[in-house]
Structures are given as structure tokens and as C-alpha cells.
Protein chains: 2
Amino acid sequence: MATVERLPVYLHALDRLRRAGIATISSAELAERSGVTSAKLRKDLSHLGSFGTRGVGYDVEFLHRSIADWLGVHEPLGVVIVGLGNLGHALATYRGFATGGFRVAGLIDVDPQVVGRSVSCGDTSLVVRPVDDLAEIAEYAQIGVIATPGSAAQDTCDRLVASGIKHILSFAPRFLSVPPGVEVRAIDVGVELQILAFRQRQSAVSPASTTSRPRHAAPVTGAVSA
Amino acid sequence: MATVERLPVYLHALDRLRRAGIATISSAELAERSGVTSAKLRKDLSHLGSFGTRGVGYDVEFLHRSIADWLGVHEPLGVVIVGLGNLGHALATYRGFATGGFRVAGLIDVDPQVVGRSVSCGDTSLVVRPVDDLAEIAEYAQIGVIATPGSAAQDTCDRLVASGIKHILSFAPRFLSVPPGVEVRAIDVGVELQILAFRQRQSAVSPASTTSRPRHAAPVTGAVSA
DNA sequence: GAGGTTTGTATCACCCGTTCACAAACGCCT
DNA sequence: AGGCGTTTGTGAACGGGTGATACAAACCTC
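As the structure is a computational prediction, the values presented were derived from the model and not from experiment.

**Things to note about the environment of V60 of chain A**
Residues and elements named next belong to chain A.
Thought 1: The topology assignment puts V60 in helix α4 (residues 60-71).
Thought 2: Looking at V60, the relative accessible area reads 1%, which means it is buried.
Thought 3: Expressed as a C-alpha distance, the spacing of V60 and L30, which sit 30 residues apart in the sequence, is 9.7 Å.
Thought 4: Excluding anything up to four places from it in sequence, V60 contacts L14, L17, R18, I22, A23, T24 and I25.

Structural data, given as C-alpha cells:
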């Protein structure tokens, strides 16, 4: 469902509104802050229930809690990060884990130089452990994050799957083949840049294309997904 | 066009095939290595010409060059990276820039502690410069990358746009509003994780869902965008 | 209670992307 | 030279998502 891919965006916007002390918001305004149309927003929300009050709008706190509950944010999911290079470090120290309903269950790296080091994850701090500990850590993790070089990505993926992980987020520039029942979401910075580059070169050749194709004139937000 | 979003994936797979010394490949095999179906691959390629020979397949070298030319990889585009935290560092040292047709034109940060530091980008090395130098650097850059905290994202985005940058890749967990004619691709790790988390919880509740919905049983690859 | 506002929903057409099926073209083998 | 198996390239059907529209129901204010 395409709606599921947008709900986290709404949730994030609501979170900021909540912090800003705004108690009520209309579908039109929330939609604008999320990069969608108001009709789409209301249709998305209608799929999971009825949360607003007509004539007023949505209670920010209530809607936030409702979406969070529906997404299941209430009890955190364990995340194991494999590969503690620059990217892995950035992910480990990412503050969005706690607020988004996640908990870093473990850090893994192959490099003996890196294993044993302590990395601060949010409020706590974790020690990087060797690859052999993956199966053990995976007991407490439901999601695996691959931040290794591309050459190690498939192997890492196989190990994660063998450890029972069924949901993987990969940053490696490779297509990962997994058995049925396992879901992989891939974020490839190189691919994203090349898409942008193509658009850039296209608009450089025909700058008037934005007017000839009005549907692309509006800001486009690419999700990683799709 | 959705085809454009997949061409870089094909290009990458072809690049690895080329390095592996494989001279010819069929659409079926290349499709499998790219995570798509053969029909989709062939249709994608048909949009930009006819490259294969029937009964044989595609010449890896020729197809690689053709797609690269079509995407315009031949002359590198300048990329300016704003925000040199862990993520910014990871991006700056990313080796995919050179091979993907990019060139790091500059590094920007607000923190005086970070400004002036030298960061190795591929074969060369660059000095981090203050935000005020953005306009100057943007002369040589066509793409801007936002790797700042979310709180600084919109401001950074505005500065990039003011400097003439029209294509932006953002990693900040925020929806960025830009004027018409400017394209933003947003990669939000938190959103990706929440989508995965939802799927995880769903499959945990009804593990048989993979059989009841066979179209999701196969590995799914999410692009950041869509 | 009247009026204005906003949600929630139903319906419809449309467009894009995917999938299917098949003819055309090629190499190979005899 | 000609048939045969293989693979490309593509026209056509299919389906999901989107956007537009419309409108009734519900709420607040006055």
C-alpha cells in the first residue's frame, strides 16, 4: 500500500508540530507540510480510521498517537547495524532511532581494529562486536542495516537472513538477492545522484521543459522507495 | 519516467560485469542481477534505443557505454556537500563519485571547529569552508547535498537555491519546500526504517501473509524516492 | 438554530507503469 | 542454404494509484 509509505512522513510532521506547541491542524496545512495534497492526506487517514473533528481539523497529539499506534511505534524494534565505517557511525549516532520506535540492539564489524570500540548510540553506548556474534545479537533484533562496502554486502545479507532477520535496510550499491519472505529496502546514494544528474542535464538542455511539463514543475520529493 | 530511476542500477550491474570480464549478457540475467524482470528491462532499454542482438543478448561494454552516454556520465557534474558530520564525511569519502560521473566541488559546514579541516575525497583532498563561501562554490556545482541536522535543512536548502542550485539531495528528516523548477530528492532513514518496521510487525502478526499475497513474496527493492 | 468550515467518503476518469504475448532477427548446426 | 532454438524488441491488455469532483455529516461560533 502506498499509504504506508507516507504515514511516517505525516508522523514526523506531527511530531514537529507537537514540539512546536501546535494543538490543532487542518488537513490542508498538514498536507502542505508533508508534501502532499489535502485530498490524498485525508484519503490516507481514512484508510485507518477517523481521527479528525469536522469543522476543526485534527488534534495534533491524538493524531500523532493514533498513527504511531497504527504503525506500532509503541514498543521499540531492535536494529542491528553491520559495518561501522563513516556511514555506520552516522547511523549509530542517529537520534531518530529512539523517537521513531527503534533501539540499537548491536553493532557489528569485521575489522579487528574497529571491534571492541565503544560507540555512543543516543543516550547509551555500545561496543562494536565481531561478525561471529551476529547470530547472538540477532536474537534481539528484527531489522538489519547493512552499511558495509558493496563487496561485503551480499555476504552480510546472507548472514543476516541466516540469523533470522527478515527485514533489511541496505546502503550498499548492489542488488541483494534474498529468499522469499525477506524484504530488502535499498538506498543507493550513487543511484540517487545519477537520477538527479540526469534531470540536471535535461533541464540544462531545455530549460523551458518546466513550463512544457507543468506536472513536473512542482517540487518533487523522492522517497526511497519508490 | 520510472525508467530513468532504474538505468543507474543497470549501469552499476553492467560495470561489475565488465570488471568481471563478462562480454555478453542476456536480458534475463542482467534483469536478475538488477532486481527487475526481463520484460521490464527490455522495455526500459527500448525507450532509449536498440542495443542488443537477437538470439544473443547484449554486449556488456557497448550497453554500458550506451547507457552511460545517455545518462550523460561522460563529463562530471559538480557536487557541493553541506554538513560535514558523520554522514557528510561518509559522503565526502564515497568512492562512487568519480565512477558515477561526479566531482566534489566543495564542502561546507557552519561549525568553526570543522571549517578549515581537510577531508580526503577520493584521490584528492578538500578543505571544509564556511557557509558564506557557498555562493562562490556553487558556481562550480550543479547538485547540492544536504547532510545537515534537520533543524538547519530548510535554511541550507534556501541558501542552495539562492546560489542557483536546482537539484538537491537531502538526507534531513524534513520536507523541504522549494520554488518551482527546483527538484529535491529526499532520503529519510527514519522513514525507511518505519516502513520496514510496519512490514515486520505485520508479518509477525500473520506470518502466512507472504503466501496469501504472492506478489510480495519476492524480494522488494525500494528506491528512495518514490 | 443558522451559517460557515472541515472532515470523511463515494465515484469516476485517467495516466503511468507493469505484464503478457508474439513476431522479427540473429547465431548455430547440419 | 535452410531450419532451429534463442533472444530481442514491441504492441496491446491490465491494474493500481492519483487526482478531481462532489456531497453529506459533523462541528464551532454566533
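After that view, the rundown keeps rolling.
**Here we look at the packing of helix α1 (residues 2-19) of chain B against helix α4 (residues 60-71) of chain B**
Residue and element names in this part refer to chain B.
Thought 1: One way to put it is that α1 packs onto α4 with a least axis distance of 9 Å and a crossing angle of 145°. Every pair of crossing elements has a handedness; the one defined by α1 and α4 is left-handed. On the side of α1, the interface is formed by L7, P8, Y10, L11, L14, D15, L17 and R18, while α4 contributes V60, E61, L63, H64, I67, A68, W70 and L71.
Thought 2: Broken down by class, the residue content of the contact of α1 with α4 amounts to 12 nonpolar, 1 polar and 3 charged.

**Some thoughts on α1 of chain B**
For an α-helix, 3.6 residues make a turn, and residues three or four places apart therefore share a direction.
Residue and element names in this part refer to chain B.
Thought 1: In a regular helix each residue adds 1.5 Å, so 18 residues correspond to 26 Å; α1 covers 27 Å between its end C-alpha atoms and thus fits that length.
Thought 2: Taken together, the buried positions of α1 are T3, V4, R6, L7, P8, Y10, L11, A13, L14, D15 and L17.
Thought 3: Just downstream of α1, G21 is the residue with a positive phi angle, here 85°.

**Regarding the sheet that holds strand β6 (residues 124-129) of chain A**
All names here are of chain A.
Thought 1: With mixed pairing, the 7 strands of this open sheet are ordered in space as β5-β6-β4-β3-β7-β8-β9. Across the chains shown, the open sheet's two edge strands, defined by having one partner strand only, are β5 (118-121) and β9 (183-186). Between one strand axis and the next, the sheet turns by 25° as a mean value, whatever way the strands run.
Thought 2: Note that strand β3 (residues 77-82) and strand β7 (residues 143-146) share 4 bridges and pair parallel.

**Quick look at the nonpolar core**
Thought 1: Within the largest apolar cluster, 48 residues are counted, with the highest numbers of intra-cluster contacts made by I81 and L107 of chain A together with I81 and L107 of chain B.
Thought 2: With sequence-adjacent residues up to four places away left out, L107 of chain B is seen in contact with I81, L84, A92, V119, C121, L126, V127, V128 and R129 of chain B.

**A few points about the protein's contact with DNA strand D**
Thought 1: Around DNA strand D, 21 residues are found, and the nearest of them are K40 of chain A together with S27, R42, G52 and Y58 of chain B.
Thought 2: Expressed as a percentage, the sugar and phosphate content of the atoms of DNA strand D within 4 Å of the protein is 61%.
Thought 3: In this structure, a phosphate oxygen belonging to DNA strand D sits 3.0 Å away from a side-chain N or O atom of K40 of chain A.
Thought 4: K43 of chain A places a side-chain nitrogen or oxygen 3.4 Å from a base oxygen of DNA strand D.
Thought 5: Of all the secondary structure elements, the ones that give two or more residues to the surface near DNA strand D are α1 (2-19) and α3 (38-46) of chain A together with α3 (38-46) of chain B.
Thought 6: Its residues assigned to classes, the surface near DNA strand D shows 5 nonpolar, 9 polar and 7 charged.

**Side note on the protein's contact with DNA strand C**
Thought 1: Looking at DNA strand C, there are 24 residues lining it, with S27, G52 and Y58 of chain A together with A2 and R6 of chain B nearest.
Thought 2: The sugar-phosphate portion of DNA strand C accounts for 72% of its atoms within 4 Å of the protein, the bases making up the rest.
Thought 3: Within the side chain of R42 of chain A, one N or O atom sits 3.1 Å away from a base nitrogen of DNA strand C.
Thought 4: When residues of the surface near DNA strand C are traced back to their parent elements, those giving at least two are α3 of chain A together with α1 and α3 of chain B.

**Describing the pairing of β9 of chain A**
A regular strand places its side chains on the two faces of the sheet in alternate fashion.
Residues and elements named next belong to chain A.
Thought 1: Side-chain alternation along β9 places E183 and R185 on one buried face and V184 and A186 on a second face that is also buried.
Thought 2: Relative to β9, strand β8 (residues 167-170) runs parallel, the two being bridged by 4 bridges. In the sheet register, S170 faces β9, and the bridge partner there is A186.

**A few points about the interface of chain A and chain B**
Thought 1: The interface is formed by 73 residues belonging to chain A together with 73 residues belonging to chain B.
Thought 2: Approximately 6,700 Å² of surface area, both sides summed, lies buried where chain A meets chain B, with 65% of it carried by carbon and sulfur atoms.
Thought 3: Applying the counting criterion to the chain A and chain B interface returns 5 salt bridges.
Thought 4: The salt bridge involving R199 of chain A is made with E183 of chain B; its shortest N-O contact spans 2.8 Å.
Thought 5: The interface formed by chain A and chain B holds 16 residue pairs in polar contact (both at pLDDT 80 or more) in total.
Thought 6: By residue class, the composition of the side of chain A that touches chain B is 41 nonpolar, 20 polar and 12 charged.

**Quick notes on the relation of the copies chain A and chain B**
A rotation about an axis combined with a shift along that same axis relates the two copies of the chain.
Thought 1: Superposing chain A onto chain B requires a rotation of 180° together with a translation of 0.0 Å along the rotation axis, leaving an RMSD of 0.2 Å. Each copy turns onto its partner about a two-fold axis.

**Some words on α4 of chain A**
Residue and element names in this part refer to chain A.
Thought 1: The end-to-end C-alpha distance of α4 is 16 Å, a good match for the 16 Å that 12 residues give at a rise of 1.5 Å each.
Thought 2: Along α4, the residues classified as buried are V60, L63, H64, S66, I67, A68 and L71.
Thought 3: In this structure D59 caps α4, since a side-chain oxygen of it lies 3.3 Å from the backbone nitrogen of E61.
Thought 4: A positive backbone phi angle near 85° is found at G72, which sits one or two residues after α4.

**Remarks on the confidence of the model for chain A**
Residues and elements named next belong to chain A.
Thought 1: Considering every residue of chain A, the mean pLDDT works out to 87; 90% of them sit at 70 or more.
Thought 2: Ranking the elements of chain A by mean pLDDT puts strand β10 (residues 221-222) last, at 35, and β7 first, at 97.
Thought 3: Counting contacts from residues 208-226, a segment whose pLDDT is below 50, to residues more than four positions away or on other chains yields 51 contacts.

About the cut-offs
Residues numbered from 1 in each chain as written. Chains lettered and ligands numbered in written order. Predicted model: local features only at pLDDT ≥ 70, side-chain atom pairs only at ≥ 80, totals over all residues. Heavy atoms only, no water. Helix = DSSP H or I, 4+ residues; strand = E, 2+ residues; numbered from the N terminus. Buried < 20%, exposed > 50% of the residue type's maximum accessible area, 1.4 Å probe, protein only. Contact = heavy atoms within 4.5 Å. Axes fitted to C-alpha atoms, helices over the stretch in contact; angles between N-to-C directions. Left-handed = near helix turned anticlockwise from the far one by under 90°. Nonpolar A, V, L, I, M, F, W, Y, C, P; charged D, E, K, R; others polar. Expected span 1.5 Å × (residues − 1). Pairing = 2+ DSSP bridges. Core = buried A, V, L, I, M, F, W, Y, C linked by side-chain atoms within 4.5 Å. Near = heavy atom within 4 Å. Polar contact = N/O pair within 3.5 Å; in protein donor to acceptor, adjacent residues only side chain to side chain. Buried area = accessible area lost by both parts, 1.4 Å probe. Salt bridge = Lys/Arg side-chain N within 4 Å of Asp/Glu carboxyl O. Least-squares fit on C-alpha atoms with pLDDT ≥ 70 in both. pLDDT = per-residue confidence, 0-100.

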